[in-house]
Amino acid sequence: YGGMGLDFSYNIAVAEELGHIRCGGVPMAIGVQIGMTTPALTRFGSDELKKQFLVPTIAGDSVACLGISEVGAGSDVANIKTTAVRKGDEYIINGGKMWITSGCQANWMCLLANTSKGPPHQNKSLICLPMNLPGIHVAKRIDKLGMRSSDTAQIFFEDVRVPRKNLIGEEGMGFTYQMLQFQEERLWGVASVLTPLEKIIQETIDYTRQRKAFDQSILHNQAVHFRLAELATEVELLRSLLYRTLALYVEGNDVTKLASMAKLKAGRLAREVTDSCLQFWGGMGFTSEVLVSRFYRDLRLMSIGGGTDETMLSIICKYMETLPKK
């Protein structure tokens, strides 16, 4: 279908390289395109669907978005309310999606919707939804704290008709397909912050070396250079966890626990590094002129998007069997 047929480790290499871009929004948008909207279609979609949606997406001729989150269902995917009701050879879609990356410009959406009234983990399906159909309303572009170069939309569906052949895989398997995709999404997110964190630390070293206070460079203070050494060590530990998880995943292992640990650590470390380094920049750190202030805003999303820190902790606890049994 136009791809290179490489394993997932190459996605991670790309994610690390994209970290050299001096903002978070561009790598995130690319990650949505190649690591969030297309995995289920690639694994489970029909040949016809792949030719219609996957080929132009891989070629870069088509922009894709992922329609999962809703106002009342962010990390709680099972609680989505959007419905796709079968009527003849079509699904009729009603509901809405929130926080949709690239939603203002997308050509198609990988939509998760309830296709029956069964149990919440067995009543959902993924559907390839062209975004030019009647009844699709992009309500607004959301104004965000960070990731400001990436458009994020609120979208509503009113009696949108889409052919049943646009169903990805089997009906009722959408939740399972989405959970499989989440592991790759989270590993991509971890990889995408490694280079920015290294850049922030290095730029802080360079700045505090030349910036003087009380007749000596700020870097000369033990509190400063010890803290930067600690942060650099934490970044390397995160990289090691990512690479170990990646190696196991490529070999076909279930890495849900390790991927959740890496995602949790990446979100918290992104906050820790940007906050500590911004402090060492002093007043300059509070301006929009320096990289550390931009990443302070952009990378804050890491603890929220793709599953909150609290969701990651719940998953880790489940795999460690520390949660009370029902």
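Residues numbered from 1 in each chain as written. Predicted model: local features only at pLDDT ≥ 70, side-chain atom pairs only at ≥ 80, totals over all residues. Heavy atoms only, no water.

Asker: Is there a simple way to explain the overall build of the protein chain in this structure?
Answerer: If you tally the helices and strands in the protein chain, you get nine helices and ten strands. Computed over C-alpha atoms, the radius of gyration of the protein chain comes to 21 Å, within 12% of the 20 Å expected from 2.2 N^0.38 for 326 residues, which places it in the range of a compact globule. Structurally, the protein chain occupies a C-alpha span of about 80 × 40 × 40 Å along its principal axes. Looking at the 326 residues of the protein chain, the share that counts as buried comes to 49%. Once local pairs closer than 6 in sequence are excluded, the contacts in the protein chain between residues at least 24 apart make up 74%. (Helix = DSSP H or I, 4+ residues; strand = E, 2+ residues; numbered from the N terminus. Rg over C-alpha atoms; globule rule 2.2 N^0.38 Å. Buried < 20%, exposed > 50% of the residue type's maximum accessible area, 1.4 Å probe, protein only. Contact = heavy atoms within 4.5 Å.)

Asker: For this particular structure, what's the right way to read the UniProt feature "domain: Acyl-CoA dehydrogenase/oxidase N-terminal" (unreviewed entry) in the protein chain?
Answerer: The UniProt record marks residues 1-61 with the feature "domain: Acyl-CoA dehydrogenase/oxidase N-terminal" (unreviewed entry), using the residue numbering of this structure. Taken end to end, residues 1-61 is 67% helix and 0% strand, and its first and last C-alpha atoms sit 13 Å apart. (UniProt positions renumbered as here; feature names shortened; annotations may be inferred.)

Asker: Is there a simple way to think about the pairing of strand β7 (residues 152-163) in this case?
Answerer: Each regular strand displays side chains that alternate between the two surfaces of the sheet. As judged from the nine bridges shared by strand β3 (residues 90-101) and β7, these two strands associate in the antiparallel manner. Bridge assignment links Glu90 to a residue of β7, and that residue is Pro163. Judged from the five bridges that link them, strand β6 (residues 136-141) and β7 form a sheet pairing that is antiparallel. If you follow His137 over to β7, its bridge partner there is Phe156. (Pairing = 2+ DSSP bridges.)

Asker: Before we go on, may I ask you to explain a nonpolar patch on the surface in this structure?
Answerer: Taken together, Val14, Val26, Ile30 and Ile34 make up a surface patch of nonpolar side chains, about 260 Å² in accessible area. Broken down by element, the nonpolar patch gets its largest block of residues, three residues, from helix α2 (residues 25-35). Note on Val14: relative accessible area 38%, which makes it partly exposed. (Patch = residues over 30% accessible without salt bridge, like charges linked within 9 Å, V, L, I, M, F, W, Y side chains within 5 Å. Areas by Shrake-Rupley, 256 points an atom, 1.4 Å probe, with all protein chains shown as cover. Salt bridge = Lys/Arg side-chain N within 4 Å of Asp/Glu carboxyl O.)

Asker: When you look at the domain arrangement of the protein chain in this model, what are you seeing that I'm missing?
Answerer: Domain annotation of the protein chain identifies domain 1 (8-171) and domain 2 (176-320). Computed over C-alpha atoms, the centres of domain 1 and domain 2 are 27 Å apart. Each side of the interface is counted separately: domain 1 has 39 residues, and domain 2 has 32 residues. Summed over both partners, the interface of domain 1 with domain 2 comes to about 3000 Å²; 65% of that surface belongs to carbon and sulfur atoms. When the area that domain 1 buries against domain 2 is broken down by residue, the three leading residues are Phe8, Glu16 and Arg22, summing to 23%. Here domain 1 and domain 2 share three salt bridges between them. A salt bridge links Arg22 to Glu203; its shortest N-O distance comes to 3.0 Å. Put simply, domain 1 and domain 2 have ten residue pairs in polar contact (both at pLDDT 80 or more) between them. Elements that contribute at least two residues to the side of domain 1 that touches domain 2 include exactly α1 (8-18), α2 and α3 (39-44). No other element matches the eight residues that α1 contributes to the side of domain 1 that touches domain 2. (Domains from an automatic or database assignment. Buried area = accessible area lost by both parts, 1.4 Å probe. Polar contact = N/O pair within 3.5 Å; in protein donor to acceptor, adjacent residues only side chain to side chain.)

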